[in-house]
Amino acid sequence: MVDALSFIGPKDENIKLIEESFKSKIVVRGDEIIVDGMKKEIEIINLLVNDMIITINNKGFVEKDDVKLLINLSKSGQSSIDFIDSDSPIILHTHRGAIYAKTKGQKAYLKAVKENDIVFAIGPAGTGKTYQAVASAVDALKSKIVDKIIITRPAVEAGERLGFLPGDLKNKVDPYLTPLFDALSDMIQRDKLKIYLDSSVIEVAPLAYMRGRTLHNSFIILDEAQNATKTQMKMFLTRLGVTSKSIITGDITQIDLPPKEKSGLVDAIKVLKKIKGISFINFDENDVVRHKLIKDIIKAYGDNNGK
C-alpha cells in the first residue's frame, strides 16, 4: 500500500502520462485503479502499476521521469524489479531527491565504479554516463573518500575549435562545460556549490589544463572522451595520483576530431582492456533514460550504419 498522492503525482501528472501512452481508460478512486481497455494492454498497465509501487516503496516517491522510464519498460515486457529493487544502489541523496541506477547498464556501471579505480563508460547520449559519474564523484566527496573533484572534457565539439569562438578564454570554454555545471547544480545546492568552486574543491576545466598535474585523493572525470586524442588520453590517465579514482565517458559514434586524428578513447579500449583495475562498461539503447524516442533514434542509426 502506498500513498495515493505519491502514486498519481502532482496535478495527476503520473496518471496523465499513462493515459497518453495507452489507449485504455484509467480511473483512480481512492486506493483503487480501474482500467478499461484491451486485455493485453491491461496486463501491461498492471505491470507498470506494480513497478510504480516498487519505486515508491524504495525511493519514497515516483517522479515524472521514473514513470516515463517504467512505461517504456512495461511496453517492452521488462520489469523494473530487475534493477529498481532493494539492492538497487542509491548513489546520492540530494536536495532534489535520490539519484539511483535506473537501468541494468547503470547498475553494472555503479558496481564497476565501486570495484575499480578507473572505469570507462561507453555508449550513446541519454544513458546517464556523465550524470551518474558526477553523482558518484559528489557522493565520494561528501563521504570524505576524496578531497577534490576534477571534471574535464576536450574543447572540441561539432568541428569547432576554441580559437574560432568569440570572446575571452572563459567565454570560449563555458559552452563546453555547461552540461557539467548543470549536473553539479542538480546535486549540490547553489551556495554550497559556489563555495566548492571558489575554493577549487570542485574544479571544472578543459582537458588541456590537466597537463603537468598529479592529482592525489581526487575523483577525476573525463567527459566526451571520444574527442580526446591518443596523446591527450595518455596524458589524462597518467595524472591519476594516490587514492584517486577516475571515470572516462564517451560515445565512439560521435567523434568530432579531424579525419586523420585517431580518437584516444577508441585507442584506449584496445590498449587497456586487459589491465586489472580498469573496467569497461558499454551502454546501448536499452539504457536510455531521456525521451522515449531517443532509444528508437539510436537503434535506427545503428541499423542504418550496419547496411
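As the structure is a computational prediction, the values presented were derived from the model and not from experiment.

1. Examining the nonpolar core
Counting 35 residues, the largest nonpolar core has Tyr109, Leu184, Met187, Ile202 and Phe219 as its most contacted members. With 7 residues, the single largest contributor to this core is helix 6 (residues 129–142). With 21 residues, the next largest nonpolar core counts Ala228, Leu237, Ala268 and Leu272 among its residues.

2. Some remarks on the sheet that holds strand 8 (residues 218–222)
The 6 strands lie next to each other as 7-6-8-9-5-10, forming an open sheet whose pairing is parallel. At either margin of the open sheet sits one strand with a lone partner, and together these are strand 7 (202–206) and strand 10 (278–282). Averaged over all neighbouring strand pairs, the angle between strand axes comes to 15°, with direction disregarded. As judged from the 5 bridges shared by strand 6 (residues 148–153) and strand 8, these two strands associate in the parallel manner. Across the sheet, Lys148 pairs through a bridge with Ser218, a residue of strand 8.

3. Comments concerning the side chain of Asp267
Here Asp267 is to be found in helix 10 (residues 264–272). Buried within the structure, Asp267 lacks any salt-bridge partner; its nearest side chain of opposite charge belongs to Lys230, at an N-O separation of 4.1 Å. Aside from chain neighbours lying at most four places away, what touches Asp267 is Lys230 and Lys262.

4. Digging into helix 2 (residues 13–21)
When helix 2 is considered as a whole, its buried residues turn out to be Asn14, Ile15, Leu17, Ile18 and Ser21. Each buried residue of helix 2 lies within a common arc of 155° when the element is viewed along its axis, so the set occupies one face.

5. A few points about the pairing of strand 2 (residues 32–36)
In this sheet, strand 2 lies alongside strand 1 (residues 25–29) in antiparallel orientation, the contact comprising 5 bridges. When the sheet's bridge partners are listed, Val28 is paired in strand 2 with Ile33. The antiparallel hairpin formed by strand 1 and strand 2 contains 2 residues in its connecting segment, where Gly30 sits at a positive phi of about 65°.

6. Description of the side chain of Lys148
Structurally, Lys148 can be placed in strand 6. Look at Lys148 and you get buried, because its relative accessible area is 16%. Side-chain polar atoms of Lys148 contact the backbone oxygen of Ser200, separated by 2.3 Å. A distance of 3.3 Å separates a polar atom in the side chain of Lys148 from a polar atom in the side chain of Glu203. For Lys148, the contacting residues outside a window of four places in its chain are Leu141, Ser200, Val201, Glu203, Arg213, Asn217, Ser218 and Phe219.

7. With respect to the packing of aromatic side chains
According to the stated counting rule, one finds 2 aromatic pairs in the structure shown. With a centroid separation of 5.4 Å and an interplanar angle of 85°, the aromatic rings of Tyr109 and Phe283 are classed as edge-to-face. Of the two residues, Tyr109 is situated in helix 5 (residues 104–115) and Phe283 in the loop between strand 10 and helix 11 (292–305); the sequence distance between them amounts to 174 residues. As far as the burial class goes, Tyr109 and Phe283 line up, both buried.

Cut-offs applied
- Residues numbered from 1 in each chain as written.
- Predicted model: local features only at pLDDT ≥ 70, side-chain atom pairs only at ≥ 80, totals over all residues.
- Heavy atoms only, no water.
- Core = buried A, V, L, I, M, F, W, Y, C linked by side-chain atoms within 4.5 Å.
- Buried < 20%, exposed > 50% of the residue type's maximum accessible area, 1.4 Å probe, protein only.
- Helix = DSSP H or I, 4+ residues; strand = E, 2+ residues; numbered from the N terminus.
- Pairing = 2+ DSSP bridges.
- Axes fitted to C-alpha atoms, helices over the stretch in contact; angles between N-to-C directions.
- Lys, Arg positive; Asp, Glu negative; His and termini not counted.
- Salt bridge = Lys/Arg side-chain N within 4 Å of Asp/Glu carboxyl O.
- Contact = heavy atoms within 4.5 Å.
- Arc of directions from axis to C-beta.
- Polar contact = N/O pair within 3.5 Å; in protein donor to acceptor, adjacent residues only side chain to side chain.
- Phe/Tyr/Trp six-rings, centres within 6.5 Å; stacked < 30°, edge-to-face > 60°.

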